Amino acid sequence: MNFLDNMLIAIACRVNLWVEEFKSDEHGVATFVATIILILIVVLLAVLFWSYIKEWFNSIWERITSGTNSIS
């Protein structure tokens, strides 16, 4: 029983140490935040210019499906 107690205490200490290191580790946080901000900016710009983007895609699609070769 002593062996199992020692093993349980060692595992609990390792888990506790891992949790503390995980909570205090800030490596990579700035990169993650910058990526999220860039994604939000791209989505915001897409929402703001959606009518122009939609019109552009519709004009291209119309040219493709019309059967003419006049893509300009």
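Below, the structure is looked at part by part.

**What to know about the overall build of the protein**
A tally of regular secondary structure across the protein gives three helices and zero strands. Secondary structure elements of the protein, listed N to C terminal, follow the sequence α-α-α. For 72 residues, the compact-globule estimate of 2.2 N^0.38 gives 11 Å, and the C-alpha radius of gyration of the protein, at 28 Å, exceeds that figure by more than 25%. When its C-alpha atoms are laid out on the principal axes, the protein stretches across 85 × 25 × 15 Å. A buried classification covers 0% of the 72 residues belonging to the protein.

**What to know about helix H3 (residues 50-66)**
Taking 1.5 Å as the rise per residue, H3 with 17 residues should run 24 Å; its terminal C-alpha atoms sit 24 Å apart, in good agreement. Where H3 terminates, the next one or two residues include glycine 67, which has phi positive at roughly 90 degrees.

**Regarding the packing of aromatic side chains**
Under the criterion given, the structure shown has two aromatic pairs. Seen from their ring centres, phenylalanine 49 and tyrosine 52 are 6.3 Å apart, and the 45 degrees between their planes marks the pair as tilted. Here phenylalanine 49 falls in the partly exposed class, since its relative accessible area comes to 43%. When its relative accessible area of 55% is taken as the criterion, tyrosine 52 is described as exposed.

Here is what the cut-offs are and how they apply
Residues numbered from 1 in each chain as written. Predicted model: local features only at pLDDT ≥ 70, side-chain atom pairs only at ≥ 80, totals over all residues. Heavy atoms only, no water. Helix = DSSP H or I, 4+ residues; strand = E, 2+ residues; numbered from the N terminus. Rg over C-alpha atoms; globule rule 2.2 N^0.38 Å. Buried < 20%, exposed > 50% of the residue type's maximum accessible area, 1.4 Å probe, protein only. Expected span 1.5 Å × (residues − 1). Phe/Tyr/Trp six-rings, centres within 6.5 Å; stacked < 30°, edge-to-face > 60°.

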